[in-house]
Structure formats: structure tokens, C-alpha cells
Amino acid sequence: MLVITEQVLSRLFVLFAEISLDVDADRDGVVEKSNPNKASWKWGPNGHGAILLVNCDSESLFMNKKVDNENEEINRVSDLKDMSKMILRTKGPAQLPEGYKLSMHITQTDAESVRVFRNKVFVQDYPLVLSKNELAGEVPYLGGKSELEFFVEGLRFPDKDFEGLVTINLSLLEPNAKDFPETPIFTDKVVFRVSPWIMTPNTLKPVEVFVCSTSDNYKFLKGMKSLVQKSGYKLRICHEYMNRGDRWMQGPDFGYVTRYAPTEEVSSLDSFGNLEVSPPVTVNGKKYPLGRIIIGVAFPTTAHGRNMTKVVQDFLWAQKVQEPIALYSDWLVVGHVDEFMSFVPAPDKKGFRLLLSSPDAGYKVFRNLQKSGNGKAKMFQGKHEEISVDDLLSDKELRAENVYVQNCIDWNRDVLKKELGLDEEDIIDLPILFKVIPEEENRAVAYYPDMVNMIVLGTNLGIPKPFGPEVNGSCALETEMRSLLEPLGLSCTFIDDFASYHKLLGEVHCGSNVLRKPFEFKWWKLEL
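So, here's what we can say about the structure. Just so you know, these numbers come straight off a predicted model, no measurement behind them.

Cut-offs and rules
- Residues numbered from 1 in each chain as written.
- Predicted model: local features only at pLDDT ≥ 70, side-chain atom pairs only at ≥ 80, totals over all residues.
- Heavy atoms only, no water.
- Buried < 20%, exposed > 50% of the residue type's maximum accessible area, 1.4 Å probe, protein only.
- Helix = DSSP H or I, 4+ residues; strand = E, 2+ residues; numbered from the N terminus.
- Pairing = 2+ DSSP bridges.
- Right-handed = clockwise from strand over helix to strand, strands pointing away.
- Axes fitted to C-alpha atoms, helices over the stretch in contact; angles between N-to-C directions.
- Contact = heavy atoms within 4.5 Å.
- Polar contact = N/O pair within 3.5 Å; in protein donor to acceptor, adjacent residues only side chain to side chain.
- Core = buried A, V, L, I, M, F, W, Y, C linked by side-chain atoms within 4.5 Å.
- Phe/Tyr/Trp six-rings, centres within 6.5 Å; stacked < 30°, edge-to-face > 60°.
- Lys NZ or Arg CZ within 6 Å of the ring centre and 35° of its normal.
- Salt bridge = Lys/Arg side-chain N within 4 Å of Asp/Glu carboxyl O.
- Disulfide = S-S within 2.5 Å.

A word on the pairing of strand β16 (residues 293-297). In terms of burial, β16 is largely enclosed, as five of its five residues are buried. Bridging between strand β13 (residues 275-277) and β16 involves three bridges; their strand directions are antiparallel. Among the inter-strand pairings, Val277 is bridged to a residue of β16, identified as Ile293. Relative to strand β17 (residues 325-328), β16 runs parallel, the two sharing four bridges. Residue pairing for β17: Ile295 is matched across the bridge by Ala326. What joins β16 to β17 is helix α4 (residues 310-318), and the crossover it makes is right-handed.

With that settled, the discussion passes to the sheet that holds strand β19 (residues 352-358). In spatial order, the strands read β18-β19-β22; together these three strands make up an open sheet with mixed pairing. The two strands at the open ends of the sheet, each matched to only one other strand, are β18 (341-345) and β22 (427-431). The sheet shows a mean angle of 30 degrees between the axes of neighbouring strands, direction not considered. Pairing of β18 with β19, which is carried by five bridges, proceeds in the antiparallel orientation.

What follows concerns the pairing of strand β11 (residues 206-212). Along β11, six of the seven residues are buried, which leaves the element largely enclosed by surrounding structure. Crossover handedness for the path β11 to helix α2 (residues 218-231) to strand β12 (residues 234-238): right-handed.

The next thing to look at is the environment of His105. Within the fold, His105 resides in strand β4 (residues 101-105). In this structure His105 touches Leu130, Leu135, Ala136, Ile168, Asn169, Leu170 and Ser171, once residues within four positions along its chain are discounted. For His105, the side chain forms a polar contact with the side chain of Ser171, separated by 2.8 Å.

Here the phi dihedral of Lys320 falls at roughly 75 degrees; this positive angle occurs in a residue that is not glycine. Topologically, Lys320 is positioned in the loop between α4 and β17.

Counting 66 residues, the largest nonpolar core has Trp331 and Met341 as the members making the most contacts within it. It is helix α7 (residues 396-420) that provides the largest number of residues to this core, a total of seven residues. Once you skip the residues sitting within four places of it in the chain, Trp331 turns out to touch Phe340, Tyr404, Val405, Cys408, Ile409, Asn412, Phe434, Arg443 and Ala444. Counting 44 residues, the second largest nonpolar core, distinct from the first, contains Leu21, Ile106, Val116 and Leu275.

Time to look at the environment of Leu420. With respect to the helices and strands, Leu420 occurs in helix α7. A relative accessible area of 0% means that Leu420 is categorised as buried. A C-alpha to C-alpha distance of 23 Å links Leu420 and Leu332, two positions 88 residues apart in sequence. Not counting residues up to four positions away in its chain, the partners in contact with Leu420 are Ser278, Val281, Thr282, Val283, Arg292, Ile325 and Phe343.

Next up on the list: the packing of aromatic side chains. Evaluation of the coordinates by the stated rule reveals 19 aromatic pairs. For the ring pair Phe299 and Tyr328, a centre distance of 4.9 Å and an interplane angle of 65 degrees mean the geometry is edge-to-face. Taken together, the residues span a long stretch of sequence, with Phe299 in the loop between β16 and α4 and Tyr328 in strand β17 at a distance of 29 residues. You can call Phe299 partly exposed: its relative accessible area is 23%. Through pairs of rings, three or more aromatic residues link up here, namely Phe366, Phe380, Tyr447, Tyr448, Phe467 and Phe498. Cation over ring: Arg27 sits above Trp41, and NZ or CZ is 4.4 Å from the ring centre. Arg399 extends its terminal NZ or CZ atom over the ring of Tyr363, reaching a point 4.3 Å from the ring centre.

Our next topic: the pattern of salt bridges. Per the stated rule, a full pass over the model turns up 34 salt bridges. One salt-bridge network, held together by shared partners, links Asp22, Lys38, Arg89, Glu147 and Asp188.

All chains considered together, the criterion is met by zero disulfides. The structure places no disulfide on Cys492, whose sulfur is separated from the nearest cysteine sulfur, that of Cys475, by 12 Å. Considering cysteine sulfurs only, Cys212 is the nearest to Cys510, which forms no disulfide, with 13 Å between them.

Spelled out as C-alpha cells, the structure:
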């Protein structure tokens, strides 16, 4: 004879209820019910698993604002767009039996990477359900057939100590007698992967250009305004009350990530001019559809050179989707890869060209000028102490310094050809000379405005104006640049940044930023 006690009756009610914690596991923008793959994650074109953004921008309109993921409240509804939706679906009795409840929970480890808010039901705010201070929280059972929305917020990108996966659990708890803790009789779970930090190359379509306004960069701003207007894009100027005199700051309202190096010395190699990304490439049959990150470090055989800090390098390698390449940039005073390389779009071959600074190409231009009877033509007219082509070519010390610089660039050239799968026809050498500074441990700076340090807006290029020798009313260096780049359908605009950036060891690219359309290729389709 079966005796149905109150506890058994309660279990029967519970077992008839449907409880499902759901996410967008098939990545189609819809949170489907009970997807069989919701509790796992798989890379590749046939992969599955929900995706989570890191909420590292700021919806606040005020100065000195925190990034959103440092705030445990949702202050603006627009912030929900930076989060992933999760739905609790239930079907059952109007209410759970007395003492039963639903609990959402995460591990202490995952709590460092994720936060969960509940959609408002009868209250004004979005209640915080899970955080590093709340590893478990009761969620309401609405009864009948119902759906309760949650918003999941990513707190940090993948890193050396964080693969990027987080798990969120939902359990139905059953009460116990004598004040013992409740025990789970059913648990559902979902898995998210936090989106990696992804860079966008010059070949992607621009959307908006950012520059700073300072007390001395009027000519630079004038040139940038003209270029951006001609290109048909939006220009946003960060004025002095926002940039606080920092001409290198590259735009407000961007999401950003910070890494601290408590035991390492931070150098200029940790700045963003030392962080570039190639267009998509295929290398020995391996596809890099999002391109490859490029950084500058010390030469491998140098014991005491400057390097990008380890915490930053670890972070970049942990993203997985744009496998980094390390070049040798410590030979430069500032030490940035954008001082000797860039990429521009092209209509043929691989869809782009690699531009490299080349002292050899520079000396070729000056020798040809001398041979054609223009040895008296002068550089830096109205900008600096003028020097003729003849005097420049007779400077043996300068020539020796540029032989050394060319060797440094050639070493990087070989690395880039190997790591990006490039041929010589994919590379264009730009006529740029350098000057070694003894007081800076014999590191180098650009002798005249560094034309490779350009801004790329589709087919329109904003290039530092070099103030080279004038022949027949035209700058010989500008003429050479046009002859190299215009056959690719590119338009060259030369911008005067001499006083406001070049003299401070930066150029056009250093003083600007471009928001670009994202890749059409979805990062989660990579086969890793």
C-alpha cells in the first residue's frame, strides 16, 4: 500500500513543473527554449554556445565617469544593449509548495568575470542577482506558464588566468527538517564565452574619426577636417576641457581595458602606437580571417632592452583570435611599430599592401634629385633649419645611421613576410630617413615627418607633410609618395603636423583614432 505523505505530494507538484534556464546557444539573436547545447561551448562554423560582451564602455554623460562594469547598478536602459539576455522559463502550478524555491548561483571564480541582473517586474530598478559579493540569489517563481528575463554582464576579457568561459546555474531547492540547509533536487545550467578583445585593421570601412584639439594644433586640425570631410565620414573633436592637454588621447566614449604591471617598469612600448593589426591573411594554408596583432619588443638577443610589459603581452595572446606577431622596435626612441609600418587597401593581390619605411628608398630619391641638377633644393623650408640635398647626401654620419636603421627594418621585413605570408610584391618601400640620437642610447627618430605614420580612411590617406626638397613647385617626397600609392587607387593628402606632433616624436596616426565597421566574419566561427 502506497502512503502519500505531504512531502511526497509536494514532490509530485514539483516534478510536473517545467523549468528551463535558456540562452542564445545557436547565436541567431533569439533565446530559444531548452537548446541541447546551452551547457557547452564549441568553436568553428558548426559550433555552438552563448556569447557574452565585456561591458567596458560608459553610458554616463558626466566627466570622471566609471566604465559600466565597475558599477553594480544599471543606470541607463541603453546599458542593457551591452549585456546578453538569459530567460528563465517555467510551466507549472501557480506557486511552488511551501519551502521550495529557485536559486541562481555561480562559482567564486566565475564571479570575477560575470554579473547578473534581473529584469524589473514590479520594481523600478533592475535588481542585482549575482556578483562577486553574491554567489547565489533566490529568483521568483512566477507561476503558470511564464518567462523571467535576466541580463548577463561580462566583467573582463579572456586573459592568462581566464579562458573566457563562465557557467550560470539554476537549482530548485527542497526544504529539509530541523533547520538543515535546502538541497537541490534539480539543476539546470548555461555556459557563456566572453567575447575576445578584437582590433580592426586599416582595410575595414571607417565610420568616425577622433582627434584632439590643443592650443597648438590648429594646422593639424584644419588638415584633418578637410580630409575627413572629403572622405565623407564623421569627425569628432575632443576639446581641451576633456583631453586635459593630452594630444595623444584618441577619443571619448570608447570601451577600454586596463592592465597593471606592479613589478615591471612601464615604457613607451606599452602605448597604443606599438599595437597594430594586419588585414586578414592566409599563411601556409592557415587562415587568419581577423588578421594578426602586431607589437614591438626588444631584439631577441638583447639582454636589457625595452619590452611591452608581460601583463599586456599575456592579455593579447589570451584573446586567441588574432595571434600576435612580435617585431623589433626597441631601436626607436619611442619604440612603436607604427613608426615604420602600416597597411593600406589595394584592389588586387591580397587586398592590401604593407608599407615599410625605407632609408634606402629615401636616399634613392635624394640621389636622383642630385643627378637631375637639383642638389641645391632645400628641405624644411619655413619649418626647421634648412638643408640642401647636396649637404644631406654628404653627411656620412647620417648615412651610416640609416644603414643601421635599414638593417633593423629589414629584420622586421623578413618576420612580416614569414608571419603574414607576404611576397615582395605585397610590400611598398616609402622614402623615409631616420636620425640616431646619442643621448637616447643611440635609438632613432624620423629625420623628417614620418610618412608611414598615416591615417587610412578607405582610399583616402592622411599623410604627415614631409617638407622635402621642392622641385618645380612640388615637394619631391610628396611626388614620390603619390607615384607609389596612387596607382592603387589611393588619394594622398599631406597634413602639416610638424610643430604639433612631429617635434614631439609623433605624427598623424599617433594623434588620431578611427572607429571602423566590425568584421563580417564572426570570431566564434574560427576553428581553434
